[in-house]
Structures are given as structure tokens and as C-alpha cells.
Amino acid sequence: MMGHRVDYFIASKAVDCLLDSKWAKAKKGEEALFTTRESVVDYCNRLLKKQFFHRALKVMKMKYEKDIKKEKEKGKAESGKEEDKKSKKENLKDEKTKKEKEKKKDGEKEESKKEEAPGTPKKKETKKKFKLEPHDDQVFLDGNEVFVWIYDPVHFKTFVMGLILVIAVIAATLFPLWPAEMRVGVYYLSVGAGCFVASILLLAVARCILFLIIWLITGGRHHFWFLPNLTADVGFIDSFRPLYTHEYKGPKADLKKDEKSETKKQQKSDSEEKSDSEKKEDEEGKVGPGNHGTEGSGGERHSDTDSDRREDDRSQHSSGNGNDFEMITKEELEQQTDGDCEEEEEDNDGETAKSSLEKS
């Protein structure tokens with residue numbers, strides 16, 4: 001208002017606030033100060049006459065008809081050009097939207113971690129600002145009227161702090177009259193405080209230099225901050241709490257994420273294929289034995305076992321002698337030939353028995 005920032009209130013809300021206050025409730029032996037809305041309006045009129053606040057008007061910017069027409073014509077001309085540009089950009093945007101969504105998700109996670117981390121400053125809520133002008137009719141009315149505060153008392157804390165500051169200045173001017181021990185103690189305290197402030201300044205410069213070195217060496221991919229909250233608007237302890245923060249901002253991070261997702265998909269597909277193949281094998285195993293006859297299966301198993309035994313005997317004989325090609329006596333050859341002939345005769349007898357059974 002008039003180039004100055006002021007605090008205001010709305011009349012209807014002020015009346016509601018006073019009716020809900022303790023002055024609207026009757027005490028023992030006393031009557032309530034506010035009983036109806038009219039009593040509150042009368043009280044506020046008395047405060048207005050004593051210049052605690054004054055009535056004001058909100059200034060709203062109104063556009064003329066000519067300006068509105070010009071804006072419409074400009075909008076039409078720009079809309080034709082924008083449509084051509086949009087058609088070209090839409091194809092590029094479709095490709096970028098997928099990548100941007102993934103980046104936004106990662107950024108939201110990082111922001112949530114930063115907000116949860118101790119020492120991060122909270123965002124302050126900002127009030128809406130608009131222009132006000134003084135009203136000609138200074139009367140308090142119950143409605144949506146705006147009233148600006150004039151009354152601005154000095155708080156007790158500010159008064160006390162001002163007194164302490166004055167006393168400290170007077171004590172500093174009387175420093176030559178202090179005792180020698182106090183003067184030496186103040187000297188050492190001032191030196192320690194100066195060293196502490198200098199060390200913080202050096203740390204602030206060193207962390208920036210370290211960040212630049214790492215950033216240049218890695219080509220802007222690694223963002224390493226030592227004591228990131230050192231210069232932030234936080235408390236003394238919180239400024240030293242996260243010792244360091246590291247962020248990787250390179251193309252490999254996105255590629256790794258894509259590779260991980262692809263490997264997971266491949267593993268799932270492989271596991272599904274294996275499960276399907278195992279089911280098929282189980283089904284084939286169940287169907288196979290039912291198709292063959294009991295008699296034929298018994299004969300085939302007997303012949304297989306006989307052939308296996310022969311191979312085992314030969315392998316044992318060759319391994320016992322030490323070499324596959326070794327001289328054998330005539331007696332051993334005759335014994336082996338007799339055994340083979342007897343086994344062949346037994347096989348022939350079994351086959352004739354099977355054929356007779358099949359004919360019957």
C-alpha cells in the first residue's frame with residue numbers, strides 16, 4: 001500500500017474470531033463483552049476511530065477492450081505457427097517422454113531422501129500479495145471489506161535485546177578498566193573465534209575446489225560435495241551433518257538400468273520355457289510305457305541286460321590285463337567262444353518261445 005508492505009485482515013473473519021474468543025464467554029460476576037455480531041462491529045468502530053487500523057480497497061487490474069482484441073489477433077497468428085512447430089516437435093517429444101519419466105522418478109526419490117535427511121531447510125509458505133488503496137469512507141462494516149493495521153507495538157523481547165546490546169557496547173568501551181585476567185581471557189577467546197571463522201571460510205573454498213577438480217576429471221559425471229550443508233540456511237549442528245554427498249549423472253547409469261531390466265526379463269522367459277519343457281517331458285514319460293505290451297517290454301529288457309553284461313565282462317578283462325591289445329592263450333579263447341555260443345542258444349530259445357506265444 002503506497003509502496004510499503006502492510007498487514008491486513010477481512011472484517012467478517014475478524015468478527016468470527018472475536019465471537020469465538022474468551023471475551024465472548026461470561027465469567028463469574030461479569031458479563032460477556034461480545035454477545036452478538038453487532039456488538040463486535042461497534043467495538044471495532046471504536047478501534048477504527050482510535051486509529052488502530054483503517055479501511056482500504058483492493059486494486060484489480062482491468063484490461064481495456066482494445067487490448068483484449070489485440071491479444072486475440074496475436075493469439076490467432078501465433079496459433080497457426082505453433083501448430084506447424086508442434087507437429088514436428090511431437091515426434092521428438094514422444095521419444096523423450098519415456099526417458100524424462102524415468103529421470104523424474106529418480107529425481108523424486110532423491111528429493112525425498114534429501115527431505116528426509118536431517119539438516120535440509122524447509123520451504124516457507126508465501127502469502128499472496130496485491131495492491132491496496134485507502135478508502136474514503138472510514139467505517140467498519142461486517143463483510144468482505146479489507147482493513148489495514150496501523151497499530152504496531154514493540155514486542156517485549158525486542159525491548160530486552162536492545163537493552164542488552166546497549167549494555168554490551170558500554171562494557172566494550174570500558175575494556176581498558178577491566179582486570180588483567182579478564183582481558184587475557186577475552187584475548188584468547190577472540191583469537192579462538194577468529195581461527196574458527198577462518199577455518200569455516202577455508203573449508204567453504206576448499207569444498208568448491210574439490211568439487212571442480214572431480215567434475216573436470218570425470219567430465220561432469222560425478223558430483224561430489226564435501227559438507228554440502230555448510231553454507232545452507234540451517235542450524236549449526238545440521239550444517240556439518242551429511243559429511244558428503246555423491247551423485248552420478250552420466251549415460252552409463254541409464255544403460256545399466258536398461259540392461260538390468262532386460263536381464264530380468266530374459267531370466268523370467270528362460271524359467272518359463274524350462275517349466276514348459278519339463279511338463280512336456282513328464283507327459284511323454286507317462287504316455288510311453290502304456291503304448292507297449294507287457295510281454296514285449298520284458299523281452300527287450302532281458303536282451304538289453306545281457307548285452308550290457310557282455311560289455312562289462314570284456315571291459316573288466318581288458319582293464320585287468322592292463323592293455324586292450326594283449327596276447328591270449330588258446331584255452332582262454334576256447335572258453336570265451338563256448339560261453340558266447342551258449343548265450344546265443346539261450347537267446348534263440350527265448351525268441352522261439354516268444355514267437356510261439358504270439359501265434360497262439
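Residues numbered from 1 in each chain as written. Predicted model: local features only at pLDDT ≥ 70, side-chain atom pairs only at ≥ 80, totals over all residues. Heavy atoms only, no water.

**Here's the deal with the nonpolar core**
Soluble globular proteins: nonpolar side chains tend toward being buried together.
Item 1. By size, the foremost hydrophobic cluster in this structure holds 12 residues: Phe9, Ala11, Ala14, Val15, Phe34, Val40, Val41, Cys44, Leu48, Phe53, Phe140 and Phe147.
Item 2. For this core, the secondary structure elements donating two or more residues are α1 (11-19) and α2 (37-49).
Item 3. The leading source of residues in this core is α2, at 4 residues.
Item 4. For phenylalanine 9, the contacting residues outside a window of four places in its chain are Ala14, Phe53, Phe140, Glu145, Val146, Phe147 and Trp149. (Core = buried A, V, L, I, M, F, W, Y, C linked by side-chain atoms within 4.5 Å. Buried < 20%, exposed > 50% of the residue type's maximum accessible area, 1.4 Å probe, protein only. Helix = DSSP H or I, 4+ residues; strand = E, 2+ residues; numbered from the N terminus. Contact = heavy atoms within 4.5 Å.)

**A short note on the environment of alanine 56**
Item 1. As for its position among the elements, alanine 56 is in strand β2 (residues 53-58).
Item 2. Assessed through its relative accessible area of 2%, alanine 56 is described here as buried.
Item 3. Sequence separation between alanine 56 and histidine 135 is 79 residues, and the spatial gap between their C-alpha atoms is 4.7 Å.
Item 4. Those residues in contact with alanine 56, other than ones at most four positions away along the chain, are Leu132, Glu133, Pro134, His135, Val146 and Val148.

**Description of the pairing of β2**
Item 1. Alignment of β2 against strand β4 (residues 146-149), held across 4 bridges, turns out to be antiparallel. Bridged to arginine 55 within β4 is phenylalanine 147. (Pairing = 2+ DSSP bridges.)

**A few points about the packing of aromatic side chains**
Item 1. For the coordinates displayed, the defined rule picks out 15 aromatic pairs.
Item 2. On the basis of an interplanar angle of 55° and a centroid distance of 5.1 Å, the ring pair of phenylalanine 52 and tyrosine 151 is categorised as tilted. Highlighted residues: phenylalanine 52 in the loop between α2 and β2 and tyrosine 151 in the loop between β4 and α4 (156-173), separated in sequence by 99 residues.
Item 3. One aromatic cluster is present, formed by Phe9, Phe53, Phe140, Phe147 and Trp149 through successive ring pairs. (Phe/Tyr/Trp six-rings, centres within 6.5 Å; stacked < 30°, edge-to-face > 60°.)

**Here's the deal with unusual backbone geometry**
A negative phi holds for most residues other than glycine; trans holds for most peptide bonds.
Item 1. Not every positive phi belongs to a glycine, and methionine 2 is a case in point at roughly 55°.
Item 2. Turning to its location among the elements, methionine 2 is positioned in the segment before β1 (8-10).
Item 3. The residue glutamine 51 is not glycine, and still its phi comes out positive at about 65°.
Item 4. Counting through the fold element by element, glutamine 51 comes out in the loop between α2 and β2.

**Comments concerning α2**
Item 1. Counted at 1.5 Å a residue, the expected span for α2 with its 13 residues is 18 Å, and the 19 Å between its end C-alpha atoms agrees.
Item 2. Taken as a whole, α2 has its buried residues at Ser39, Val40, Val41, Cys44, Asn45 and Leu48.
Item 3. In this structure, the buried side of α2 is in contact with α1, β2 and β4.
Item 4. Positive backbone phi, at 65°, marks glutamine 51, one or two positions downstream of α2. (Expected span 1.5 Å × (residues − 1).)

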